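Residue-level structural notes
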Amino acid sequence: MRAYVFSEWQTKAELREVPIPEPGHGEVLIKIGGAGACHSDLHIMHEWTPGTFPPAAFWPLPFTLGHENAGWIESGDIPPGLEKGEAVVVSPTWSCGACASCRIGETNYCDVEGVVAGGLGRDGGFADYMVAPANCLVPLNNIEPWQAAPLTDAGLTSYHAVKRCLPKLTPDTSVVVIGVGGLGHLAVEFLRELSGAKIIVIDRDEKALGMAKDRGADVCLKSDDSVAEAIRDATFGLGAIAVLDFVGIDSTMLLATQIVRRRGEIVVVGMGGGVLPFQNGLIPYGCSLTYTLGGSTKELTEIVALAENGRVKPHIEKCPLDEIDDVYRRLHDNAISGRAVLVP
Ligand SMILES: [Zn+2]
Ligand SMILES: [Zn+2]
């Protein structure tokens, strides 16, 4: 079968012929129906090493990239309630099921596996087949795997960030989304569906802002020197109760501290490698600053339901797996709007 194999740090992956993998105990072989192309794969291929991204120390090379996966169950330890040929999405955060975090359902913060999953240290879904743990599958009822693939990371990661802030997002508050690309455009939809807060988005790209407006953003602002002031105006001088940063570079993280209000939440999702000084007077009093990782399997079932009910619709460009190099070149050049999904 074909697989997009990453074999050396700071070198791009290659599409190669490899044997079809065999599922082990508690595992299932999935015939891939679609796998989303995520910006973090560019970080993995071209920037990270175990030194710069310490969780990668647990990633033995080579492995196949692709951590937004969906397809059909082929064989293996098929869990009760699922059957061969059934369409499923694969949660991108693999978990042990037994540690303290897993027991309370926070499988994305598993104390054992946490940062290892298909496409992230294990073989992922840019391939004809992949092996996945049986406990991380969520069945699909009325959408196709290629439509569901972006729900597993672009969807799940942004949904989890939204859910963390949700108790504070009452209709008399504002929330800011910085960066409305693959993840941010879905965050806008989740905010629209789940909260009554005013949704303010910031991006440097007019087209991305237009898409956010169509999806329910109340205020769309181009990122420039005056954007902090514009947000003060849009929030009647108070600032936002929550800021979701889907870029995560120095300037966006600093901006978050300037536009968040007291007792607010800053959630950094983007893996831009930004650094923020933590200093009295820089961050408003009572604020929390969090890095999140993916979302739980339970949250994935909630997103699948939102998509199947037609409440949330990822913006998808379908591309053949053989064109994967070109897709990553365009992703690098910001020439993909929404999400590209590779189909074998
Ligand atoms: Zn990703
Ligand atoms: Zn665990």
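This section reports on the structure supplied with the text. Since we're looking at a predicted model, the values are computed, not measured.

Section: the overall build of the protein chain
A count of helical and extended segments in the protein chain gives 10 helices and 18 strands. For the protein chain, whose C-alpha radius of gyration is 20 Å, the value lies close to the compact-globule estimate of 20 Å for 344 residues. By principal-axis analysis of the C-alpha atoms, the protein chain measures approximately 60 × 40 × 40 Å. Long-range pairs, those at least 24 residues apart, make up 70% of the contacts in the protein chain between residues at least 6 apart in sequence. Of the roughly 14,600 Å² of accessible surface on the protein chain, 52% is carried by carbon and sulfur atoms. A gap of 6 Å separates the mean positions of the 28 positive and 43 negative side-chain charges of the protein chain.

Quick look at helix α7 (residues 227-234)
If you check which residues of α7 are buried, you get V227, A228, I231 and A234. The buried residues of α7 occupy an angular sector of 120 degrees when the element is viewed end-on, so they sit on one face. Residues of α7 that are exposed and point over 90 degrees away from its buried face: E229 and D233. Here the buried face of α7 lies against β11 (174-178), β12 (198-203), β13 (219-222) and α8 (250-259). Phi for F236, located one or two positions after α7, is positive at around 55 degrees.

Concerning the state of the cysteines
Under the criterion given, the structure shown has 0 disulfides. Free cysteine C319: the closest other cysteine sulfur is in C38, separated by 15 Å. When its relative accessible area of 4% is taken as the criterion, C319 is described as buried.

Things to note about the coordination of the zinc ion (ligand 2)
For the zinc ion (ligand 2), every protein donor is listed as C96 (SG), C99 (SG), C102 (SG) and C110 (SG), and the spread of their distances is 2.3 to 2.4 Å. One can describe the site at the zinc ion (ligand 2) as tetrahedral: its 4 donor atoms subtend angles covering 105 to 116 degrees at the metal. Sequence spacing of the donors to the zinc ion (ligand 2): C-x2-C-x2-C-x7-C. The exposure classification of C99 matches that of C102, with both residues buried.

A short note on the pairing of strand β17 (residues 316-320)
Bridge count for β17 against strand β18 (residues 339-343) is 5 bridges, and the pairing is parallel. Bridge pairing in β18 links E317 to A340. The parallel pair β17 and β18, bridged by helix α10 (residues 324-332), forms a crossover whose chirality is right-handed.

Things to note about the nonpolar core
One finds V201 and L244 to be the most contacted residues of the largest nonpolar core, which totals 45 residues. For this core, the secondary-structure elements that each account for two or more residues are β6 (87-90), α4 (154-165), β11, α5 (184-194), β12, α6 (206-214), β14 (240-245) and α9 (297-308). Those residues in contact with V201 that lie beyond four places of it in its chain are V177, V180, V188, L209, A212, A217, V219, C220 and L221. In terms of nonpolar packing, the next biggest core, distinct from the first, is built from 27 residues, W9, C319, I336 and L342 among them.

Section: the packing of aromatic side chains
Going through the model one piece at a time under the given rule, you end up with 11 aromatic pairs. One aromatic cluster in this structure is built from F6, W9, W48, F53, W59 and F63.

Here is what the cut-offs are and how they apply
- Residues numbered from 1 in each chain as written.
- Chains lettered and ligands numbered in written order.
- Predicted model: local features only at pLDDT ≥ 70, side-chain atom pairs only at ≥ 80, totals over all residues.
- Heavy atoms only, no water.
- Helix = DSSP H or I, 4+ residues; strand = E, 2+ residues; numbered from the N terminus.
- Rg over C-alpha atoms; globule rule 2.2 N^0.38 Å.
- Contact = heavy atoms within 4.5 Å.
- Areas by Shrake-Rupley, 256 points an atom, 1.4 Å probe, with all protein chains shown as cover.
- Lys, Arg positive; Asp, Glu negative; His and termini not counted.
- Charge placed at Lys NZ, Arg CZ, Asp CG, Glu CD.
- Buried < 20%, exposed > 50% of the residue type's maximum accessible area, 1.4 Å probe, protein only.
- Arc of directions from axis to C-beta.
- Disulfide = S-S within 2.5 Å.
- Donors = N, O, S within 2.8 Å, 3.2 Å for Na, K, Ca; no water.
- Tetrahedral: all angles 85-135°; square planar, octahedral: opposite > 155°, others 65-115°.
- Pairing = 2+ DSSP bridges.
- Right-handed = clockwise from strand over helix to strand, strands pointing away.
- Core = buried A, V, L, I, M, F, W, Y, C linked by side-chain atoms within 4.5 Å.
- Phe/Tyr/Trp six-rings, centres within 6.5 Å; stacked < 30°, edge-to-face > 60°.

Any functional reading would require information beyond the geometric quantities listed.
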